[in-house]
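Now for the letters of each chain:
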Amino acid sequence: MPKHYRPAGKKKEGNAAKYITRTKAVKYLQISLAVFRKLCILKGVFPREPKKKVEGNHKTYYHMKDIAFLAHDPLIEKFREIKVHRKKVKKAMAKKNRDLADRLLNRPPTYKLDRLIIERYPSFVDALRDLDDCLTMVHLFAALPAIEGERVQVQRIHNCRRLSHEWQAYISRTNSLRKTFISVKGIYYQAEVQGQKITWLTPHALQQVLTDDVDFNVMLTFLEFYETLLGFVNFKLYHSINVNYPPILDPRLEALAAELYALSRYMSSGRLPGNPESNGLIEDKETENNKESSKTDESELRLAQLQHQLPANEPGALMHLVEESTADDTEEESVKECRTLFKDLKFYLSREVPRESLLFIIPAFGGTVSWEGEGSPFDETDQDITHQIVDRPTQSHVFLSRHYVQPQWIFDCVNILKVIPTDDYIVGRVPPPHISPFVDNDKEGHIPDYAVTLEGYKSAGQNQVMPLPGLGDEDLGNSIVEAKSEHNEFAKKKKELEMQEKKYHEELKMEIEGTTFSNLSNKKADSAADVADEDEAQAAIDQAEKDADDIAKSVVSRRKRGLIEAMQISNDRKKSKVELLKQRKKAAESSASAKAKRR
Amino acid sequence: EESDSSEDEVAPRNTVGNVPLQWYKDEEHIGYDISARKIKKRDREGRIDSFLSSKDNDDDWLKIWDDYNAEEVKITKEEAKIISRMMKGKTPHANVDPYPDYVDWFEYADKGHPLSNAPEPKRRFVPSKWEQKKVVKLVRAIRKGWIKFDKPKDEPNYYLLWGDDTDTADNKRQGLSYIPAPKPNLPGHEESYNPSVEYIPTQEEIDNYQLMYEEDRPKFIPRRFESLRSVPAYEKALREGFDRCLDLYLCPRTRKKRINIDPESLKPKLPSKKDLRPYPRTCYLEFKGHGGPVTSLSVEATGQWIASGSSDGTIRVWEVETGRCLKVFNVGADVHHISWNPSPERPILAAIVGRDLLLLNAEVGDEETQVRTKELLHVGEPTPEDDGDKKPAVRWVNNDKFDGITLIHHRAASTVEWHSKGDYFTTVVPTGESRAVLLHQLSKKHSHHPFRKLPGLPVAAVFHPTQKMFFVATKKFVQVYDLQKAEVVKKLESGLREISSISIHPGG
């Protein structure tokens, strides 16, 4: 009798009943594979790994409950309707019944995904937790060429652009951006919304090529879900800061591709005009706040200070300020820090720097920014500009009152939350290495030099003592390195001490015995042999350690031993990586010094 | 100059036909005339000449050089006109109209009769019944709202989907447990557009990547750009997005516990050697004398003597206290195993020498025991070499050299063990098959093999010190026998890879 024999009439049990292969699932649902795929993507159903793969090792298994979950979804019916509708249109066209075809095309069956979103993400935090992929995808599609006749509809791309700008405007507005990183793949951002760290990647603002090795059907299905999700998330976020959604933008600015600025303007003026009920409520609150704040002199002072920064004719500017000043008391320290990083700085962007990215980042950290081009808030000739961001070999006309820095300066400042000296980032220079803020340097085992320097700037700022850059970072670097290597050093020192002690004792003994010099010299001749002995002794100690290790390993169970070995392999790999880095660094340094010498 | 019509064709002077002129490139002539005389090449007039002539005569532009006949031809005014018309894309001759008006072959006007004389049918005058039915159907459908003409109104797409976030039952996900997809890896220093120098592989290393297996090859090779403006678009952006999509909906997800700890902490902590003290650390005595590796050692029951067997072919008996070598038996073959008789009255050594067992008188103890031992170690009548059809498992033969007994085994024996009383002993012959474990009685000089069937090759066999039990260890199992009944009592499974020896606590 075969092992898995099941008598006729007996139900399946265990893994055979719980899991179903993909082919069977498709048959069970009576849909095509494409529709199944679409359903799985939209519903968030993924294959699972059964303990025992009854049908074979190379198949994909879905949980039966997941499949039942799909089977009961109204979307299946909707997809059938759409299929039927397509057939009807085709038939009408074939029969040259233009009238019917037009009528049908006018009202195609549609479906909505809001139900799916609430089903997949019952609470808002769940949605935020899964937002990484969504944002990356939407930003990627926002960067694709919006050309008619390509595989992606122009309208979808515009929608992606809009959604991504709305998201960025919110992040910028609430100062919740935390980290940024320019990579070869694009620019990474990390924001913190409601305690959730959300990281996303935006491609560089350059022409992307639509390659043939991707299946756009799959990607567009994902995008469909992500667009809806991000729309609802944006709505909720905008609602939470009392701004109407969807925002109505200044068409002039929109035409100039300055949507982000338009959005920020909208937000700073945006109340909830269409919602009198909630508006009233908020106003009530605001008046209360106003009363409270009026008591404190400080907030009033700030009010006066900030007043001139905003155009006076903007509606609701005053209210917005009041809100801001009161919010300050309650908000966290970190948010405050972010808000005030570029507080009194005024930036101007040259036309060759990535404008969208910087228009997003600088306001997120409290800076004022303008750019070269139409619709910008202020001109290049503005005397208050403190920093001009340029990315060109030389700058012809220079205003003495401002720093000319490369864009990387902004990103590095943001990552350590300190305004660092601009010397290294001056126009025409090769900027210092750009360090990833996402790496845990201690865990990695290797710290790039510039990371140490940056750390130096940071802690220097905290201590309120500004050391000379060269001196400061060296000290700091040493201290860190020392701390790291202290452990090893300690062991070595101990051994050395022991040796010295031994030597001392020997000498004492010799004295007691009264060895003459000649004897001593004889002994000295043996000392070479002694050294060899010492080496041997060291080898013996190592061997003993290794033996002890082997014994310990042989005691544990086989499974655990495997685990230990795997861990050791991974540790070794890591170590060798660090070793390689150090080696390369050494080579680079030696070549650099050789060059310097030649000069 | 060529023309299609044959009327105005003037036969060319040159008769070579339609051949490439470059065939005559190096010749002085360009062909032959009708009377087969060579036509000489004439030089074309120079540029200056032609310019002068064009200044002199007005109709100079009508002249054309004919390469074929090597002469200058003057075209007529009419021909020039034709050429200019053709160049404009018109017909060559002015009086040809390419698109004349269509003239019908039949004139319908004022003919009086149609082509067919049939009367107009009735259906031309009566409204169609079927059309009416269709219209009624449509009207009905429109009235009932089945057919709608206007576009559906756009409803607001977004609304407040999530209310207040309280932990109620509604806020819990239904169904199976959700396994969130792992987040994509965050970028390290090497992904920077401007990484530190140490992250950039040398050209040599990059070349080496090509030799690696494809799955080992690094997916991303760091590059350094001097400025942000020189960073190009990432060509794999779409591909990586797509791969992530595939991972999200095609990869089976399971929860896996990942322990991120030091591998050392998994190992048990071994006691340090200091804690295990006291244990012998200094060498007290050395028994020197053997010329080869010592293979076996046995201590006498009284503890006064030890015997050692070596592969140099000697058995030595030592005094424990002093390290003095009492006796040397030069047995002449490798000694595999040696064992003292546990009874103090019988100072007998059993040793596996070569492939056989040798019983020796160790010649220790008082005279009385010596005499008794000598008596014991004498076989009255040696077992015959061949009794009947089968070779006996063991033959007892006197050994005259050492005044002992040799037990010649049918195959090579490996170990020997005494019973605690000192009369019985057992030898193990690993390759002996059904006669692998042998029991011997010293007093009766008798051997037998009670255990016919063993699960595997026997490795060792021992007696229980107090009870009538017998243990046989094969590579995987330990069989426990009752000696009286000669049957298996228990079978113990060791779970080890291989048993090499077995020992029983002296208390049982």
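Residues numbered from 1 in each chain as written. Chains lettered and ligands numbered in written order. Predicted model: local features only at pLDDT ≥ 70, side-chain atom pairs only at ≥ 80, totals over all residues. Heavy atoms only, no water.

In the annotation of an unreviewed UniProt entry, the entry for chain B reads BOP1 N-terminal domain-containing protein, and the organism field reads Aegilops tauschii subsp. strangulata.

An unreviewed UniProt entry lists chain A under the name Pescadillo homolog, with Aegilops tauschii subsp. strangulata as the source organism. On record in UniProt, under Sequence similarities (unreviewed entry), the comment for chain A is "Belongs to the pescadillo family." Per its UniProt entry, chain A bears the Function (unreviewed entry) comment "Required for maturation of ribosomal RNAs and formation of the large ribosomal subunit." (UniProt positions renumbered as here; feature names shortened; annotations may be inferred.)

Enquirer: Help me understand the overall build of chain B, please; the structure alone is not making it clear to me.
Expert: When its secondary structure is counted, chain B shows six helices and 21 strands. Residue pairs at least 24 apart in sequence account for 41% of intrachain contacts in chain B once pairs closer than 6 positions are excluded. Taken as a whole, chain B presents about 35900 Å² of accessible surface, with 52% of it coming from carbon and sulfur. (Helix = DSSP H or I, 4+ residues; strand = E, 2+ residues; numbered from the N terminus. Contact = heavy atoms within 4.5 Å. Areas by Shrake-Rupley, 256 points an atom, 1.4 Å probe, with all protein chains shown as cover.)

Enquirer: How do you make sense of the sheet that holds strand β5 (residues 294-299) of chain B when you look at a structure like this?
Expert: Backbone hydrogen bonds hold the strands of a sheet together, and the pairing may be parallel or antiparallel. Residues and elements named next belong to chain B. Reading across from one edge, β5-β6-β7-β8 is the order of the four strands in this open sheet, with antiparallel pairing throughout. Single-partner strands in this sheet number two, and they are β5 and β8 (325-330). Taken over all neighbouring pairs, the strand axes of this sheet differ in orientation by 15° on average, direction set aside. The pairing of strand β7 (residues 314-319) with β8 spans five bridges and is antiparallel. Bridging across to β8, Trp-318 finds its partner in Cys-325. (Pairing = 2+ DSSP bridges. Axes fitted to C-alpha atoms, helices over the stretch in contact; angles between N-to-C directions.)

Enquirer: How should I be thinking about the nonpolar core in this particular structure?
Expert: Across soluble globular proteins, nonpolar side chains have a tendency to be buried as a group. Counting residues in each nonpolar core, the largest one holds 127 residues, and the members touching the most others are Trp-167 and Ile-410 of chain A. For this core, the element with the highest residue contribution is helix α11 (residues 216-240) of chain A, accounting for 15 residues. The contact partners of Trp-167 of chain A, leaving out residues within four places of it in the chain, are Leu-131, Leu-135, His-139, Val-193, Ile-198, Trp-200, Leu-230, Val-233, Asn-234 and Leu-237 of chain A. Counting 20 residues, the second largest nonpolar core, distinct from the first, contains Val-394, Val-429, Leu-438 and Leu-442 of chain B. (Core = buried A, V, L, I, M, F, W, Y, C linked by side-chain atoms within 4.5 Å. Buried < 20%, exposed > 50% of the residue type's maximum accessible area, 1.4 Å probe, protein only.)

Enquirer: Just checking my understanding: could you explain the pairing of strand β15 (residues 424-428) of chain B for this structure?
Expert: In regular strands, side chains alternate between the two faces of the sheet. Residue and element names in this part refer to chain B. Of all five residues that make up β15, four are buried, and the element is covered over most of its length. Pairing analysis gives five bridges linking β15 to strand β16 (residues 437-441), with the strands arranged antiparallel. For Thr-427, the partnering residue across the bridge sits in β16 and is Leu-438.

Enquirer: Looking at this model, I keep getting lost on the sheet that holds strand β10 (residues 348-353) of chain B. Mind explaining?
Expert: All names here are of chain B. Overall, antiparallel pairing links the five strands, which are arranged β9-β10-β11-β13-β12 in an open sheet. Each having just a single partner strand, β9 (335-340) and β12 (394-399) make up the two edges of the open sheet. On average, each strand axis in the sheet is tilted by 20° relative to the strand beside it, whichever way the strands run. Sheet topology note: the strand β11 (residues 356-361)/strand β13 (residues 404-409) ladder contains three bridges and is antiparallel. Within β13, the position partnered with Leu-358 by the bridge is Thr-406. Packing of helix α6 (residues 367-376) onto the sheet brings it into contact with β10, β11 and β13, and relative to β11 it is tilted by some 150°.

Enquirer: Just to check I follow, could you spell out the pattern of salt bridges for this structure?
Expert: Side chains bearing opposite charge may pair, as long as their charged atoms lie close to each other. Residue and element names in this part refer to chain A. The full count for this structure, using the stated rule, is 36 salt bridges over all chains. Lys-346 is the salt-bridge partner of Asp-382, the closest N and O atoms lying 3.3 Å from each other. Taken together, the positions of Asp-382 in the loop between β7 (368-371) and β8 (387-389) and Lys-346 in strand β6 (residues 346-349) put the pair 36 residues apart, joining distant regions of the chain. Assessed through its relative accessible area of 17%, Lys-346 is described here as buried. Residues joined in a network through salt bridges with shared partners are Lys-43, Asp-73, Arg-115 and Glu-119. (Salt bridge = Lys/Arg side-chain N within 4 Å of Asp/Glu carboxyl O.)

Enquirer: Would you mind showing me how to read empty space enclosed by the protein here?
Expert: Here the idea is plain: a probe the size of a water molecule rolls over the atoms and shows the empty space left. Under the definition given, this model contains two cavities of 30 Å³ or more. Forming the boundary of the largest cavity are 22 residues, of which Arg-120, Asp-130 and Tyr-226 of chain A together with Leu-248 and Arg-253 of chain B lie nearest the centre. Counting residues per element, the ones that place at least two in the lining of the largest cavity are α3 (33-43), α9 (131-142) and α11 of chain A together with α5 (237-250) of chain B. In terms of residue class, the lining of the largest cavity is made up of 13 nonpolar, one polar and eight charged. Inspection of the lining of the largest cavity shows a minimum of three residues originating in each of domain 1 (15-106) and domain 2 (120-269) of chain A. Put simply, the second largest cavity is a space of about 40 Å³. Together, Arg-22, Leu-33, Phe-36, Arg-37, Cys-40 and Tyr-62 of chain A together with Tyr-249 and Leu-250 of chain B line the second largest cavity. (1 Å grid on protein atoms, 1.4 Å probe; cavity = no way out; pocket = protein on both sides within 12 Å on 5 of 7 lines; lining within 4 Å. Points joined across faces, edges and corners; volume = space filled by probe spheres on them. Nonpolar A, V, L, I, M, F, W, Y, C, P; charged D, E, K, R; others polar. Domains from an automatic or database assignment.)

Enquirer: I'm lost on the environment of Leu-483 of chain B in this one. Help?
Expert: Residue and element names in this part refer to chain B. With respect to the helices and strands, the residue Leu-483 is situated in the loop between β20 (477-482) and β21 (487-493). By relative accessible area, Leu-483 is classed as partly exposed at 27%. Taking the C-alpha atoms as reference points, Leu-483 and Phe-470, 13 residues apart in sequence, are found 6.2 Å from one another. Ignoring sequence-local partners within four residues, the contact set of Leu-483 consists of Leu-439, Phe-451, Phe-463, Lys-468, Met-469 and Phe-470.

Enquirer: What should I look at first to understand the environment of Ala-486 of chain B in this one?
Expert: Locating Ala-486 of chain B in the fold gives a position in the loop between β20 and β21. Sequence-wise, Ala-486 of chain B and His-449 of chain B are 37 residues apart; in three dimensions their C-alpha atoms are separated by 10.0 Å.

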